[in-house]
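Structural characterization, general
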Amino acid sequence: MSGLMLRRLARPSGCARAVYMLAIGAALCGLAGSPAIAKIKCKGPYQVVGGNLIGTPYCGDGYLAGVARTYGFKYSAREIRGSFAKKQEVCRLIGQDTRVSDFCRSTLPHYRGRGF
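Attention here is on the structure that accompanies the text. (Residues numbered from 1 in each chain as written. Predicted model: local features only at pLDDT ≥ 70, side-chain atom pairs only at ≥ 80, totals over all residues. Heavy atoms only, no water.)

Overview of the state of the cysteines
In this structure the tally under the stated criterion is two disulfides. With a sulfur-sulfur separation of 2.0 Å, Cys42 is cross-linked through a disulfide to Cys59. Judged by the torsion about the S-S bond (-75 degrees), the Cys42/Cys59 disulfide is left-handed. Within this pair, whereas Cys42 is found in strand S1 (residues 42–43), its partner Cys59 is found in helix H3 (residues 57–70), the two being separated by 17 residues in sequence. (Disulfide = S-S within 2.5 Å. Helix = DSSP H or I, 4+ residues; strand = E, 2+ residues; numbered from the N terminus.)

Structure representation (structure tokens):
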């Protein structure tokens, strides 16, 4: 190869440079836009991390929503996570249930059960 061809390969023209930049940009967008492979796995109110069970607010809120549905509430786990007022409402009404009393104790500062 001549020296001129080597210089052309090392320094692409404006059009080739634009094509290279578009290809690199598309590859980076493809990597950033791909969905996460690992999802959070919950077992009851606990998150499974490396085979161990760890209490997390994410799984606790999902568990609270599940128990609330057994009482007739129509709240999803996403709604409980997204609205602290809905979480407090559920805890005020079903906080005496032993399945969720620990989660509700941290939500309601002066929690003592239903208080009837």
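Focus on the sheet that holds strand S2 (residues 46–49)
Spatially, three strands are ordered S1-S2-S3 in an open sheet, and the strand pairing comes out antiparallel. Here the strands that pair on one side only, and so sit at the sheet edges, are S1 and strand S3 (52–55). The sheet contact formed by S1 and S2 spans two bridges and is antiparallel. Bridged to Cys42 within S2 is Gln47. (Pairing = 2+ DSSP bridges.)

A few points about the environment of Tyr58
Here Tyr58 lies in helix H3. On the basis of relative accessibility, which here comes to 37%, the residue Tyr58 falls in the partly exposed class. Considered as a pair, Tyr58 and Ile40 are 18 residues apart in the sequence and their alpha carbons are 8.9 Å apart. With residues up to four places along the chain from it excluded, the contact list for Tyr58 reads Ile40, Cys42 and Arg81. (Buried < 20%, exposed > 50% of the residue type's maximum accessible area, 1.4 Å probe, protein only. Contact = heavy atoms within 4.5 Å.)

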